[in-house]
Each structure stands twice: as structure tokens, then as C-alpha cells.
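# What the coordinates show
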Amino acid sequence: MRKNRRTIAALMACVGLAATVPAQASNWVKAESKHFTLYSLNSTQTTRAYLVQLEFYYQILSRFYALSPQDEQTLPHLPVYLIGGRSQLTTIWPKAPQNVGGFFEGCSEGSGAVAIFQDDYIRHTHDAASQDENTSQTILFHEYAHDFMYMHADGAYPPWFVEGFAEFYSTTRLQDDQAVIGMAFSQRARWLLSSTSTTISYEDLLRDSWRRPHSDNDERTGAFYAQAWLLTHWIMSDEARHRQFDAFLKDYRKGDDAVAAFEKAFGVPVKSLQHTLYIYLDHMTASVYRFKDLAQPEVKVTAMPKSADRLLLLDAADRMCTYGGSDRPRLLSQIRDEAAKFPDDDFARDVLGRAEIIVGDEEKAVPIYTARIATAPDDAEAHFRLGQAWYLMTMHHTIAPGETANSQMEKARAEMGKAYTLDPQNAPNLYYYSRALEKPGEPPSDNLITAALEAHALAPMVDTYALHAATVLIRGNRLDEARAVLVPLSTNPHNPEQAAWVSGIIAVIDRHATREEVLAALRTGPEKKPAEGK
């Protein structure tokens, strides 16, 4: 959906900082605030306005969650890429489905959100509710709502509520002290109002049994998102229903049947729920809130070096692990070729160093980051990546001249320990530090487990961190804690095969099995979809 270009005047008043422009400037700009780093091909004004909106959005979610100052201290920056179109999306994610306009991805190397900027500008009207629908902002708000929910969740939520929550807040519109919450996203509303749209029974939605085995059905997926949004909106728009939802969650988290728990909490027969919700849809309204004391965000905008035009999106792919096994050599080759064109550029060297560690030859990264630390001793990322390189070399039995496996692992621990001192919110560093603390044949130390749990706490949507934290807790015979880490994975709507596998592990823990039996269940691995054509 394309919109007319419009200027953004009033939002600029709160962040009137000049952009720093290097001599060899890129088309990309980088905007940094308290909670986000936004990369954008748009003007400084547009980029700054989007980042201001993201910060206001964070503050509003925080109000609804009643976050404390202590909660604020545990939040890492989220990288966000506001890109120009489909070709750039597939540069980051080669196998992205055709209808994807944005996504969130996290892996052992990092996390990030991506959205296609579709020429829609944030603009002031006479009030927030009359603003045009802003597609790229809606996508970003949806993805960040997921990240926010997992960061602050006090337990597992059903898959339909995970997506319904993100949809409910994604259309938030902000202007001055106004926030409009619960606007309908046109795509979802059209689906619900069309007589030809697929629908899912609410019994299947509540029990998460609507998926067809080994099938990716866009029609059913579209129905899931639309109906999950409508059900969540019905709950979130009424305080009494919100309290009923809390009662439902208690029974749901105990393992009660979702349909029985819903009917008990809400007093609505699930067989009549569709009728109830369609009556609600006919009279649905959004809620308007006024926030007189939102903090004006500070934003720093800088132009990136010329090398970013060739390397930024490839680096995003590298950090978010979006290239599968057969595509990884191509990613590495592209990064090596492009970095070679900028031999004196620090950004290009950093991208190359990360690529060598993540998909290439980690030994080649050692001189890159050793040189960086010599000139920038407080560069936390450089210390982490150098430690990661030493760790992976040791694990891959690559021993540098004059080193031993033990000396390399000690260097890995020392560098990652230094990185933690400089930046305690770097989740990949904590994850690899935890791995480096492992000693064959020994139970996990308290420091190892703490590092694993901190990585998971900083990036709870990254399955790798959750599974690692659960594994070391199980090895340490802390099964109840491991169960708590695993439960959110068991309801993840984006990975049903893994969710089923994790549910099986939880079932083993619940029958008071031994540590060895739980570890055996952990080693089975999730069921995989069969390859195409089989």
C-alpha cells in the first residue's frame, strides 16, 4: 500500500539534533536512542521520526505493563532495519515468503527486526485516530510487541494470544499526548468481513490444533491471525474480560484443556464464540489514551560510511542467521568480495571479521579484532568477537602457533569476560561465554548457568539461548527451573514442530523423571518437516 509523501514537522521539535556526515557518506543513516538502533535509507527527518515513534511506543507498552526502573536496566538495544523493498528483504533473507513485509529474527549471533518502508510518512492530523494507516510502522510495532512480550512475560501464553497481542498493539497511533490503541489493521478486518475467507473453529484456535500436519496453508494462517486479533481485542477492550483472561491463564498454565478453561473463565460456550465475536466486531471501537508525561526521546543520527551500501544488509543476514546451510558459502563470498573494496574502512573490517567467525574461518578474525582492540581498548564488540574466535578455533581443533587448547580457551574466557564488563547487555557474548565456561566431564558451574540464564533473559525470543539455558539447568539437576525456561517454547506459534518436542520434554519433567531421562528426551530433537516432493 503506497501513501503520498508527507513531511513530519511537529515530531521534530523534541529531537532537533544534527546528523554527523562522514566525507564518504553512505545512503544509509543510523539513528540511536535508548532502546533501538534504526538503520534507514530515508532522510534524517523521516528516520528520526520513526525512531521517536518507536520510543513513544515502548513507553506506552511500559505503562500498560507497569515496568519498574529495574526492568529498564535489563533491556538491550534492538537493531531495526527500515529497508526499501523486496530485493533488499531477500538480501537479508533469501527465502522470505512472497507476502512478507517485515520480520523479527533471532539466533545465537544476535537479533533484529526488518520492515519494508512503503512510502508512508508519519504525519500530524487533527488527532491521532485520523492518521492514515502506516504499514511499515504497523509491521515494526507488531514485531517489537513480540520482543516486548517475551521480555516481560511472567509465564507462557497461548499461541493465539501471542499473535493477537502483537496485532492488537501494532496499529497504535501516536500524536502529541494521544495514543489510540486497538485500531483495526485493514488486512485483518477485510479477512473477517469477507464471506469467502477461510475460518478456523475456535475450539481448534484455542487448542492450537488448527494447523495441518506438514502443510503451510496461507489461507488458514491468514484466518489464524485475523481471528486471534479479534479474540484478543474482545478481551483487551474490557476490564472484566481482562480479569477473566487472567483466570483462564492460571488454568491454562496448569495444563487444563484450553476450551474447558476458556468456558470456565468467561462463561461463554466456545461453540457460540464466533457469533459473539462477530457481534462485537460490528460495534468495535479503539481506545484513546492521553499521556501527559511521556519522556521526549533523545536521538542521535549519523550517516554511515560508503561501505554500508554494499555490506550493511549482508551483515544483518550474518547477525540474524537468515542464510541456510547451502546459502552460507555464498553469503561469505559476497562479504569477502565487498569488504575487499574498502581495505581501510573500519565498518567493512568489522563486517568481514564477524562473517569469518560466523560462517567462515574464525582464525582470520583474530588479527582483525586484535588490531581493533589495540586502537580501541573499550570496544565491547571487538572483545566479544575476539573471544568468540578463540573459542570456536579451540572447539574446531585449530590451534594457533605457540598456543594450546587450554591457553586459547583461557583467552576466549578473558576476552568475553572483558566484553561483559564493558557491555553487560550483549546476549550473544553471554551465550558464548557460558559455552566457553563448560569443562568436559564436570557439572555446570554457577557462573556458567548464570551466564546462560542472563543471555536468555536478555533475548527470550532466541530459541538457542532458551534451549542452552534449559540444558545446563537440567545437567545441574535444576529441573523446575528448566521447565520454566522451556514452557514459552512449548507454545511458540512460529515453530509448531519444536513446540511439540518441547512439550514432550516438559511432560517428562512433570512425571518426576530423573535427570538422565530428561536429558534423553532433550536429545531426541524436534520432528522435522519432510523435504519438498516427499
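For the structure itself, consult the block above.
Residues numbered from 1 in each chain as written. Predicted model: local features only at pLDDT ≥ 70, side-chain atom pairs only at ≥ 80, totals over all residues. Heavy atoms only, no water.

Turning to the overall build of the protein, a few remarks are in order. Counting its secondary structure elements, the protein contains 23 helices and nine strands. Among the 534 residues that make up the protein, the fraction classed as buried is 55%. Residue pairs at least 24 apart in sequence account for 69% of intrachain contacts in the protein once pairs closer than 6 positions are excluded. (Helix = DSSP H or I, 4+ residues; strand = E, 2+ residues; numbered from the N terminus. Buried < 20%, exposed > 50% of the residue type's maximum accessible area, 1.4 Å probe, protein only. Contact = heavy atoms within 4.5 Å.)

Once that is clear, we can look at the state of the cysteines. Here the structure, examined in full by the defined rule, presents one disulfide. In this model, cysteine 107 is linked to cysteine 321 through a disulfide, with the two sulfur atoms separated by 2.0 Å. Its S-S torsion of about 60° marks the bond between cysteine 107 and cysteine 321 as right-handed, since a negative value means left-handed. Here cysteine 107 is found in strand β4 (residues 102–107), whereas its partner cysteine 321 is found in the loop between α12 (308–320) and α13 (328–339), with 214 residues between them in sequence. Looking at cysteine 321, the relative accessible area reads 31%, which means it is partly exposed. (Disulfide = S-S within 2.5 Å.)

Time to look at the packing of aromatic side chains. Centre distance and the angle of the planes are the two values used to describe a pair of aromatic rings. Here the structure, examined in full by the defined rule, presents 32 aromatic pairs. On the basis of an interplanar angle of 70° and a centroid distance of 6.1 Å, the ring pair of tyrosine 391 and tyrosine 432 is categorised as edge-to-face. Placement of the pair is tyrosine 391 in helix α16 (residues 380–395) and tyrosine 432 in helix α18 (residues 427–436), with a sequence separation of 41 residues. The same class applies to tyrosine 391 and to tyrosine 432, which are both buried. Between arginine 211 and the ring centre of phenylalanine 224, over which it is positioned, the NZ or CZ distance is 5.9 Å. (Phe/Tyr/Trp six-rings, centres within 6.5 Å; stacked < 30°, edge-to-face > 60°. Lys NZ or Arg CZ within 6 Å of the ring centre and 35° of its normal.)

Right, let's talk about the sheet that holds strand β6 (residues 173–175) for a bit. Reading across the sheet, the three strands line up as β6-β7-β8 and stay open at both edges, with antiparallel pairing between neighbours. Looking at which strands have only one partner, the edges of the open sheet turn out to be β6 and β8 (287–290). Geometrically, the sheet is characterised by an average inter-axis angle of 20° between neighbouring strands, direction not taken into account. Sheet analysis places strand β7 (residues 178–181) next to β8, joined by four bridges and oriented antiparallel. Within β8, the residue paired with isoleucine 181 across the bridge is serine 287. Packed onto the sheet, helix α1 (residues 44–65) meets β6, β7 and β8 and runs at close to 110° relative to β6. (Pairing = 2+ DSSP bridges. Axes fitted to C-alpha atoms, helices over the stretch in contact; angles between N-to-C directions.)

Quick look at the nonpolar core now. Counting 82 residues, the largest nonpolar core has Trp160 and Leu231 as the members making the most contacts within it. Counting residues per element, this core draws most heavily on helix α8 (residues 218–236), at 11 residues. With sequence-adjacent residues up to four places away left out, tryptophan 160 is seen in contact with Leu205, Leu206, Phe224, Ala228, Leu231, Thr232, Ile235, Phe245 and Phe248. Tyr81, Ile92, Met320 and Ala355 belong to the second largest nonpolar core, which has 32 residues in total. (Core = buried A, V, L, I, M, F, W, Y, C linked by side-chain atoms within 4.5 Å.)

What follows deals with the side chain of arginine 188. Its place among the elements puts arginine 188 in helix α6 (residues 186–193). Once you skip the residues sitting within four places of it in the chain, arginine 188 turns out to touch Glu167, Tyr225, Ala226 and Trp229.

The subject of this paragraph is the pairing of strand β3 (residues 78–83). Remember that side chains alternate between the two faces of the sheet whenever the strand is regular. Across the six residues of β3, five count as buried, placing the element largely inside the fold. The pairing of strand β2 (residues 36–40) with β3 spans five bridges and is parallel. Directly across from threonine 37, in β3, lies its bridge partner proline 79. Summarising the sheet, β3 and strand β5 (residues 110–116) pair through four bridges and their orientation is parallel. The residue bridging leucine 82 from the neighbouring strand is alanine 115, located in β5.

Along its 13 residues, helix α14 (residues 346–358) runs 18 Å from first to last C-alpha, staying within 8% of the 18 Å computed at 1.5 Å per residue. Of all 13 residues in α14, 10 are buried; the element is thus mostly enclosed. Among the residues making up α14, those that are buried are Phe347, Ala348, Asp350, Val351, Gly353, Arg354, Ala355, Glu356, Ile357 and Ile358. If you check the start of α14, you find a side-chain oxygen 2.9 Å away from the backbone N of phenylalanine 347, and it comes from aspartate 345. (Expected span 1.5 Å × (residues − 1). Polar contact = N/O pair within 3.5 Å; in protein donor to acceptor, adjacent residues only side chain to side chain.)

Another aspect to go through is the pattern of salt bridges. Going through the model one piece at a time under the given rule, you end up with 31 salt bridges. Aspartate 309 is the salt-bridge partner of lysine 306, the closest N and O atoms lying 3.4 Å from each other. Exposure remark for aspartate 309: the relative accessible area of 26% places this residue in the partly exposed category. Glutamate 516 serves as the salt-bridge partner of arginine 515, at 3.2 Å between the closest nitrogen and oxygen. (Salt bridge = Lys/Arg side-chain N within 4 Å of Asp/Glu carboxyl O.)

On to the environment of threonine 471, then. The topology assignment puts threonine 471 in helix α20 (residues 463–475). Owing to a relative accessible area of 24%, threonine 471 belongs among the partly exposed residues under this scheme. Along the sequence, threonine 471 and leucine 486 sit 15 residues apart, while their C-alpha atoms lie 9.7 Å from each other.

Every buried residue belonging to helix α23 (residues 515–523) is among Val518, Leu519, Ala521 and Leu522, and all of these are buried. In an axial view of α23, the angular spread of the buried residues amounts to 155°, which keeps them on one side of the axis. One or two residues past the end of α23 sits glycine 525, with phi positive at roughly 75°. (Arc of directions from axis to C-beta.)

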